[in-house]
Amino acid sequence: MQLEYAIFKTMLGLKRHCCFLLAFIWLMVGYTQKTSPPDASPLLLENIHLHLNKTTFLKGEHLWFKAYIQNRLNQLPSAETTNLHVGIFSEEGDMLVKKMFLVNNGMCSGDFGIDSTFVAESYTVMAWTHYMKNFEEATPFLQKINIVGATREKEQSMKEEVTILLQPEGQHIVPNAFNTIGITVLDETQHPIETDAIQLITDEGVPIQSNIQTNALGQGRFGFFADPKQSYSLKFQNSSGAWMTKKLEKHLYATSGISINNTGEDVILLKPKWSDSLTDSKKSQKFTLAIYTTNDISFKKEYARDEDNTVISINRNEIPYGVHSAVLLDETMQPLAQRIFFNQYEAQKRVFPVEVDYCLNKAQDSLQLDFILPKGSASANISVSVIPAESSAYSPNNGIGSSFLVQPYLKQQLVQGNYFFDGIKRSINYQLDTRLLMEGTDKLGWNLSSMDARPISYASENYIPLQGKILDADTKTEKQVSIMSQSFGTMNLLDLASNKSFTGKLPLFQGDSILISVLNQKGKLRKPKAELYFNTTKKDSFDYSKWLRHRNPITIRPKVPKNEESLNLSERTIALEEVVVSQKVQPKTKFQITTEIEGRNIDETALKRYKSFSTYIRKLGFQNRTNVL
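Quick caveat: nothing in here was measured; it's all calculated off a predicted structure.

Quick look at the environment of Gln416 now. Note on placement: Gln416 falls in the loop between helix H2 (400-405) and helix H3 (426-439). With 17 residues separating them in the primary sequence, Gln416 and Gly399 have C-alpha atoms 8.5 Å apart.

Below, the discussion takes up the packing of aromatic side chains. Tallying each qualifying case throughout the model produces 17 aromatic pairs. With a centroid separation of 5.6 Å and an interplanar angle of 75 degrees, the aromatic rings of Phe342 and Phe421 are classed as edge-to-face. Here Phe342, found in strand S24 (residues 335-343), pairs with Phe421, found in the loop between H2 and H3; they are 79 residues apart in sequence, far enough to count as distant. In terms of burial, Phe342 and Phe421 fall into one category: buried. Aromatic pair Phe542 and Trp547: ring centres 5.0 Å apart, planes at 55 degrees, arrangement tilted. Of the two residues examined, Phe542 and Trp547, each falls in the buried class. Each residue in the set Phe89, Trp128, Tyr458, Phe542, Tyr544 and Trp547 is aromatic and connected to the rest through ring pairs, giving one cluster. Across the ring face of Phe112, the terminal group of Lys99 is positioned such that the distance to the ring centre comes to 5.0 Å. Sitting over the ring of Trp243, Lys235 keeps its end group 4.6 Å from the ring centre.

What follows deals with the pattern of salt bridges. The final tally for this structure, using the stated rule, is 12 salt bridges. A salt bridge links Glu61 to Lys54; the shortest N-O distance between them is 2.7 Å. Neither Glu61 nor Lys54 differs from the other in exposure class; each is buried. Here Glu169 makes a salt bridge to Arg339, at a shortest N to O gap of 2.8 Å. With Glu169 in the loop between strand S11 (163-168) and strand S12 (178-186) and Arg339 in strand S24, this pair connects stretches of sequence that are 170 residues apart. For Glu169, a relative accessible area of 1% corresponds to the buried category. Three or more residues joined by partner-sharing salt bridges are found here, namely Glu169, Arg221, Arg339 and Asp433.

Turning next to the sheet that holds strand S18 (residues 256-261). A sheet is described by the order of its strands in space; here 3 strands give the open sequence S18-S19-S22, paired in antiparallel fashion. Edge strands, defined here as strands with exactly one partner in the open sheet, are S18 and strand S22 (312-315). Taking the axes of each pair of neighbouring strands and ignoring which way they run, one obtains an average angle of 20 degrees across the sheet. Where S18 and strand S19 (residues 267-274) come together, 6 bridges link them in antiparallel fashion. Across the sheet, residue Ile260 finds its bridge partner in S19, namely Leu270.

Another point: the nonpolar core. Residues Leu50, Leu63, Phe65, Leu84 and Val86 are the most contacted members of the largest nonpolar core, which totals 39 residues. Broken down by secondary-structure element, the contributors of at least two residues to this core are strand S2 (46-52), strand S4 (62-71), strand S6 (83-90), strand S8 (107-113), strand S9 (122-128), strand S10 (141-147) and helix H4 (545-548). Per element, the largest residue contribution to this core is 5 residues, and it comes from S9. Val162, Leu166, Val185 and Tyr232 belong to the second largest nonpolar core, which has 21 residues in total.

In this section: a nonpolar patch on the surface. Taken together, Tyr358, Leu360 and Leu367 make up a surface patch of nonpolar side chains, about 280 Å² in accessible area. Position of Tyr358 relative to the elements: it lies in strand S25 (residues 355-360). Taking the relative accessible area as the measure of exposure, Tyr358 reaches 32% and is therefore partly exposed.

Let us look at unusual backbone geometry. You will see that Met333, though not glycine, has its phi angle at about 65 degrees, which is positive. Tracing the backbone through its elements, the reader meets Met333 in the loop between strand S23 (322-329) and S24. We note that Tyr463 has phi near 65 degrees; this positive angle belongs to a residue other than glycine. Note that Tyr463 resides in the loop between H3 and strand S28 (464-470). Residue class for Tyr463 comes out partly exposed when judged on its relative accessible area of 25%.

Looking down a regular strand, the side chains alternate between one sheet face and the other. Of all 7 residues in strand S15 (residues 219-225), 5 are buried; the element is thus mostly enclosed. Pairing of S12 with S15 involves 7 bridges; the strand directions are antiparallel. Residue Phe178 lies in a different strand from S15, and its bridge partner there is Phe225.

For the rest of this paragraph, the subject is the pairing of strand S14 (residues 207-212). As defined by bridge partners, strand S13 (residues 198-202) adjoins S14 across 3 bridges and the pair is classed as antiparallel. Looking across to S14, one finds that Leu200 is bridged to Gln209.

Okay, the sheet that holds strand S21 (residues 296-304) next. Pairing within the open sheet is antiparallel, and its 4 strands lie in the order S21-S20-S23-S24. Looking at the sheet topology across the chains shown, the edges are occupied by S21 and S24. Along the sheet, successive strands turn relative to each other by an average axial angle of 15 degrees, direction set aside. Relative to S23, strand S20 (residues 286-293) runs antiparallel, the two being bridged by 5 bridges. Directly across from Tyr292, in S23, lies its bridge partner Ser325.

With that settled, the discussion passes to the environment of Gly182. Of note, Gly182 is situated in strand S12. A residue is classified by how much of its surface remains accessible, and Gly182, at 0% relative accessible area, is buried. Each residue touching Gly182, except ones within four places of it in the same chain, is listed here: Leu165, Leu166, Gln167, Gly220, Arg221, Leu437 and Met438.

Conventions used here
Residues numbered from 1 in each chain as written. Predicted model: local features only at pLDDT ≥ 70, side-chain atom pairs only at ≥ 80, totals over all residues. Heavy atoms only, no water. Helix = DSSP H or I, 4+ residues; strand = E, 2+ residues; numbered from the N terminus. Phe/Tyr/Trp six-rings, centres within 6.5 Å; stacked < 30°, edge-to-face > 60°. Buried < 20%, exposed > 50% of the residue type's maximum accessible area, 1.4 Å probe, protein only. Lys NZ or Arg CZ within 6 Å of the ring centre and 35° of its normal. Salt bridge = Lys/Arg side-chain N within 4 Å of Asp/Glu carboxyl O. Pairing = 2+ DSSP bridges. Axes fitted to C-alpha atoms, helices over the stretch in contact; angles between N-to-C directions. Core = buried A, V, L, I, M, F, W, Y, C linked by side-chain atoms within 4.5 Å. Patch = residues over 30% accessible without salt bridge, like charges linked within 9 Å, V, L, I, M, F, W, Y side chains within 5 Å. Areas by Shrake-Rupley, 256 points an atom, 1.4 Å probe, with all protein chains shown as cover. Contact = heavy atoms within 4.5 Å.

Shown next, in the form of C-alpha cells:
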C-alpha cells in the first residue's frame, strides 16, 4: 500500500468530531535571509526529517515514512535534492539495509519490511544525501527503533555511579564574575535523573547553593559568583542514599566569557565577562560581539573593555527567528567565547500543537479534515502525513519543528526535541535555552565561509544514472536516443555514440518502466532493440560511524501506568498515541481492535494470559496513556 500525502494551508473555522489525527506543524518561518556575495560558492546545506509511522515493531510489520528535505540556507523545501538514501544500522554501526528514494519538491516516501534479519532489540534509522558526505558537520536524520521479541538482545554497559556533566556558559568559568553552568545528571544506565536535591559547595563543605533542579531530561542550570580563591563541587545523593560529588575543574576557567539573558519577552541581554587577571594589553584592546545566523552576521557591535561590563540589549525583531551563535571576538577576529541561543518572537511564528478532526463528506466519497487552530491564530502551515491503516502508528520522539529549527546546529541529537516546541510555556522556553547553553558552540562554526574552499569529493546526485546500447542502431542516420520514465513522465534526449552506446539519468520510482526510442535525422521515432543497465557495482566505502556518533546516548524511560487496571469489558475508550480506539462490546464475546489499528481478534483465551488489556497492547508494541477517556 502506497503512502499518500498532502500539504495543507488552512484558515478554517472549525468543528469538532470524534477522532484525532496527528498533525505536525511544518513551520517554515519566512524570516529575512541575506544572500551570499556573487563570487561565493553557495553550499547545499540540507536538513532532513522523516515522519515514521512508529518506533516499535513486531516481526512482519513495515516501517513507513514520509521524508521532508529542506535547504538550510533559504529555509524552503530543497529543489536541488533528487535522491534520498535511507538505511538501518545496528548498534555496532553495521548497515543492515539501505534504499534510495526519489525526492520531488523536497519530499518523498517509502518503507522497509521488518523481517527475520532484525535480530537485535534496537537499530538506528539514518537518512542522508550523497552530497552531505562532504561535510562531517552535516546532520543526517537519526531515529532509534525497537524490535519486539528480538532473538538477540544487546548487552547494556553498566557504570558504577551517577554521571554529572558540566557545561559552562560561553565554554568557560570566568573568575570574579557571575557564571551560569548547565548540568546533565544520568544514572548508571545513562537514563536522565529528575531531581531538586543537587548542592553547590566549596571544598571546605560550605554550601553556596542548594535545591538545584533538573528536568525530566536530566538537564538543569545554576548560577554563582566565582571566587578565584575557592574551589567548588556539586554534591548529589543517588537513589541508594550515597553522596556523589563532581568537582568544577580548573581547566574550565578562562579570562573572558559571554553571558546571555534570553528570558525577556521583547529583548535579549548580552554581556561580555572579564576576569581581573586580564593583562593590561588585553584591557586596552577593541572587542567585537557578533550574532551569526549560519554564515551571515545578523548583529555586530564593537566596544572596548570597561570596568562596568556594559550589558547590550537587542530587540528580538532585529534578528531572525531561530538558532543563532553569539560570538565574542578579539582584534584579530579570533573567537574568545561562544554561545548558541534560540530567538522566539511573535506568537504567529511559533510552533503550536493543532487539533485535527475528520469525517466523511455528504457524498460519502471524500474525507473532510477540520483543523482547530490555537486561540488567536488565523492561519498555520501544516504538514499532514497519511499513513497505512495497518501501521498501528504512534508518534516517535522527534518532530519537524525541532528537526528543522534546532537539530541542524547541535553536535549531538536532541533528546525528545518536540518537547521544546509544545506550545509557548515560559518554562519550556527556559529549558530549551538551558539545552542550547549546554551545547556550547554551534557545530557548524561561527563562520561557514571557510567551508566554501573545501574539496567536494561527493557530487550532488541527480536522479538515477543509467547506461545502455541500441543493438540495431544505424549510426549513420540515428544520432539520438529518447528515454522516458513511465511513472514520472520525464523525458531526456541522449547522444548515441559511434559504438551504439548512450548514458544518462532519469527520475525513477521503484518498479518503474523506461520507454526507449531512437530518433533519426528527420526526427522520426522508432522502437529499437536495446540493452539497459545500471552500475551498482561501486562499493560504498563511506564511514557512517562518524554520523552515528551524533546519536545522543541519553534515552528516556518509557512511561508505564502507575497501577495495572483489571480489564473492564464495559463501554470505554482507550487513547493511544495517535489513534483513538472505541470498545463497545459485551462480556464473553470476541473483542476486536478496529482494522484501522491492527485487525487482531482478542478472545477470552488471549485475555487470560495477561493481567490487563493495557499489558496486552504494550506487548504488541503500542504505547498507551495512563488516562482512560
